[in-house]
Amino acid sequence: IRTKLNYQTMAVGMEKAYHQAVEQCGEERRQRRQSVWPRRITAERNPDQIKLQGEWPTTVTATGLTCRLGGPGDTITINPGRGSRVTADFFCHNWSGALKITVGQSKIDIVDLYSEQPIVRTVSLLASDTGASENETVRIEILSEKKPASQGYEVWLHEVDVLQAGEVAAQHDDEHA
């Protein structure tokens, strides 16, 4: 009877320790998750991180999205910092053209923004696992190329989001836990 009581007492203590450990781990994850939200950058608020070359007038879509409107030859230069993940949301429609995205001196992507129906498209500009150095820049150039079905070359930039290296690591931990 004494051995059985010792095992029961030990089991209750282990169960309590287990619940405390799970609770503590959950609290740590909740705190990290709160700090993972991306930081929205704009040319006005973050001139050291994003520069718009060209006219880029502010305009509002029929659905109420505030965008910057660019045309062929206009560029966006983004200096996100080391190990960042960078995305940009573009309002796409049947007047949309194409972008050339350059990361540093090597990675070049061409992205066609044409869409028959108006949509917002998120484009990944820089992934955190690319090994970009601290001075790496992302350059977006609006091309004078388009799909034959497109009626124009417009690019409507809605927003740019940056997730810094520490935040990327915390998000990666949460995704793979």
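Bear in mind that the values here come from a model prediction, so they are computed numbers and not experimental data.

Definitions and cut-offs
Each residue is numbered by its place in its chain's sequence as written, counting from 1. With the structure being a predicted model, the display of local features is reserved for residues of pLDDT at least 70 and the display and counting of side-chain atom pairs for 80 or more, all residues being used for whole-chain, interface and lining totals. Just so you know, side-chain values use all the structure's heavy atoms and leave hydrogens and water out. The helix and strand labels rest on DSSP assignments: H or I over at least four residues marks a helix, E over at least two residues marks a strand, and numbering proceeds from the N terminus. Note on areas: Shrake-Rupley, 1.4 Å probe, and residue coverage restricted to the protein chains presented here. Partly exposed describes any residue whose relative accessible area lies between the buried limit of under 20% and the exposed limit of over 50%, with all areas from a 1.4 Å probe on protein chains only and scaled to the type maximum. It only takes one pair of heavy atoms within 4.5 Å for two residues to be counted as in contact. Paired strands, in this sense, are two strands between which DSSP finds at least two bridges. Every axis in this analysis is a line fitted to C-alpha atoms, fitted for helices over the stretch in contact. Angles between the N-to-C directions lie between 0 and 180 degrees. Planes of paired rings set the category: under 30 degrees apart is stacked, over 60 is edge-to-face and the rest tilted, where pairs are Phe, Tyr or Trp rings (Trp by its six-membered ring) whose centres lie within 6.5 Å. Charge-over-ring placement is defined geometrically: NZ (Lys) or CZ (Arg) within 6 Å of the ring centre, and within 35 degrees of the ring normal. By nonpolar core we mean a set of buried residues, namely Ala, Val, Leu, Ile, Met, Phe, Trp, Tyr and Cys, connected to one another through side-chain atoms within 4.5 Å. Asp and Glu are treated as the negative residues and Lys and Arg as the positive ones, with His and the ends of the chain left uncounted. Take a side-chain nitrogen of Lys or Arg and a carboxyl oxygen of Asp or Glu: if they are within 4 Å of each other, that pair is a salt bridge.

A count of helical and extended segments in the protein gives two helices and eleven strands. Ordered by position in the sequence, the α and β elements of the protein form the string α-β-β-β-β-β-β-β-β-β-β-β-α. When the accessible area of the protein is evaluated, it comes to approximately 10900 Å², of which 52% is carbon and sulfur surface.

Time to look at the side chain of S115. For S115, the position within the fold is in the loop between strand 8 (107–112) and strand 9 (119–126). With a relative accessible area of 12%, S115 lands in the buried category. In this view, S115 contacts C92, H93 and N94; residues no more than four positions away in its chain are not counted.

With that settled, the discussion passes to the sheet that holds strand 10 (residues 138–142). Taken in spatial order, the five strands line up as 2-5-10-7-8 in an open sheet, and their pairing is antiparallel. Of all the strands in the sheet, just strand 2 (50–53) and strand 8 have a single pairing partner and so form its edges. Sheet twist, expressed as the mean angle between neighbouring strand axes with direction ignored, is 15°. With four bridges joining them, strand 5 (residues 75–78) and strand 10 adopt antiparallel strand pairing. In the strand pairing of strand 10, I76 is matched with I140.

Let us look at the environment of V120. Assignment of secondary structure puts V120 in strand 9. Among the residues examined, V120 registers a relative accessible area of 41% and is labelled partly exposed. With 27 residues separating them along the chain, V120 and H93 place their C-alpha atoms 8.8 Å apart.

Before going further, it helps to examine the environment of A98. Along the chain, A98 turns up in strand 7 (residues 98–103). A relative accessible area of 6% places A98 in the buried class. For the pair A98 and D112, spaced 14 residues apart in the sequence, the C-alpha separation amounts to 4.3 Å. In this structure A98 touches V111, D112, E141, I142, L143 and E145, once residues within four positions along its chain are discounted.

Notably, W56 is not glycine yet its phi reads approximately 50°, a positive angle. With respect to the element layout, W56 can be found in the loop between strand 2 and strand 3 (58–60). We classify W56 as buried; its relative accessible area is 1%.

Attention now goes to the packing of aromatic side chains. Under the defined criterion, the tally for this structure stands at one aromatic pair. One residue, K146, lies across the ring of Y153, its end atom 5.8 Å from the ring centre.

This part covers the nonpolar core. By size, the foremost hydrophobic cluster in this structure holds 24 residues, and its most contacted members are I78, F90, L99, L113, L125, I140 and V160. Taken together, the elements giving at least two residues each to this core come down to strand 5, strand 6 (85–92), strand 7, strand 9, strand 10 and strand 11 (155–163). Not counting residues within four places of it along the chain, the set of residues in contact with L113 comprises F90, C92, H93, S96, G97, L99, R121, V123 and V155.

In this section: the side chain of D89. Looking at the secondary structure, you find D89 in strand 6. Among buried charged residues, D89 stands out as having no salt bridge; its nearest opposite-charge side chain is R40, 5.5 Å away. Contact partners of D89, with chain neighbours within four places excluded, come to V120, R121, T122, W156, L157, H158 and E159.

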